[in-house]
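Tertiary structure, described
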Amino acid sequence: METFLSFVFCIINLCVSLKNPRICYDKFKAEEHKALFVFGDSLFDPGNNQYLNGSTDEGTQATSWPYGQSFFDHPTGRLSDGRIVPDFIAQFANLALLPPYLESSVHPLIDGANFASAGAGVLAGTHPGTIHIRKQLEYFKTLKNSLKQQLNGAEEAEKFLRRAVYLFSIGGNDYFDFYSSNPNATESDQRAYVEMVVGNLTSVLKELYSLGARKIAFQNAGPLGCVPVMKSMNPEIGTNCLEQPLALARLHNDYLSISLNSLQKTLPGFEHAIFDYYNSLFDRVNNPSKYDGLYYVLLIV
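As the structure is a prediction and not an experimental result, all values here were calculated from the model. (Residues numbered from 1 in each chain as written. Predicted model: local features only at pLDDT ≥ 70, side-chain atom pairs only at ≥ 80, totals over all residues. Heavy atoms only, no water.)

**Let's talk about the confidence of the model for the protein**
Heads up, the rule is: The predictor's confidence in any single residue is recorded as pLDDT, a number from 0 to 100. Helix and strand labels come from DSSP, where a helix needs a run of H or I of at least four residues and a strand needs a run of E of at least two; each type is numbered from the N terminus. The contact criterion used throughout is that any non-hydrogen atoms of two residues lie within 4.5 Å.
With 82% of its residues at a pLDDT of 70 or more, the protein shows a mean pLDDT of 84. Within the protein, helix H7 (residues 187-210) carries the highest mean pLDDT (98), whereas helix H2 (residues 21-30) carries the lowest (37). Of the regions scoring below 50 in pLDDT, residues 1-7 engages in nine contacts with residues more than four places distant in sequence or in other chains. Under a pLDDT of 50 for its full length, residues 294-301 has, in the predicted model, 25 contacts with residues more than four places off or in other chains.

Structure follows, in structure tokens:
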């Protein structure tokens, strides 16, 4: 757990190497204040789906017990019994916990914003009624206009956005949908679909870059074939994991890494870091005894 938390803290500083996490900590304290902007799905949603006018089902709103019971003492809309990764990162970076962007009360933007939506995908057709990634980008554009007013002009807003960190967890729902509709898809079809998803995601990143984003952090796709809902739909596999969703996740992660490396080479000032969620969680699934005393909840919608 200590190594994981050190890595999470390093993400906020975009330190590529984890050989000395302490360096990341000391470096952060000496730097200027940074904001955190969060994009994604259920793993990062702080409760935005509560404010979608009933367009999502209760399962993606997390408004009933036992959600929130281990930290907030009440449901907050997070699909977790407590905090989610952006909460931990915000706390380690001395930022306030980011509320849902769609919450009606006014919040200061100096710490950033969280646009994530449970069930959301990269593609607009994935779980209609949730906030897909391009809609989240549209919200960010609206926020940038507000920042220009709060920070006395476009120049100061641009400086602020260049210092910020942009955190992503998105894509898993696109592959759940694809697998559900195409359980016997060929390798060629899988590859074509992954290329489409990552291509659309790359387009969003390029546009975000044009709006001022420079520091991008990703949590890659997890071992999708091990998610409880997928295993419950395929009881014949027993305790094993479904191979095709696993293959889709691995392929996505390969393409995502290639895309981010390409952007870093071609876009001046673009930096990125990736947390290898796939192997981190897959090792816990396959070797649970190594993690006795630690508790992990996998909630992907």
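**Description of the pairing of strand S1 (residues 36-40)**
Counted only if it meets this: Think of it in three bands: with a 1.4 Å probe and only protein chains considered, a residue is buried below 20% of the maximum accessible area for its type, exposed above 50%, and partly exposed in between. Each pair of strands is called paired provided DSSP finds at least two bridges between the two strands.
Here S1 lies mainly inside the structure; five of its five residues are buried. By the alternation rule, side chains of S1 split into Leu36, Val38 and Gly40 and Phe37 and Phe39, which are all buried. Sheet analysis places S1 next to strand S2 (residues 112-114), joined by three bridges and oriented parallel. If you follow Leu36 over to S2, its bridge partner there is Gly112. Looking at chain direction, S1 and strand S3 (residues 165-169) are connected through five bridges and run parallel. Residue Leu36 lies in a different strand from S3, and its bridge partner there is Val165.

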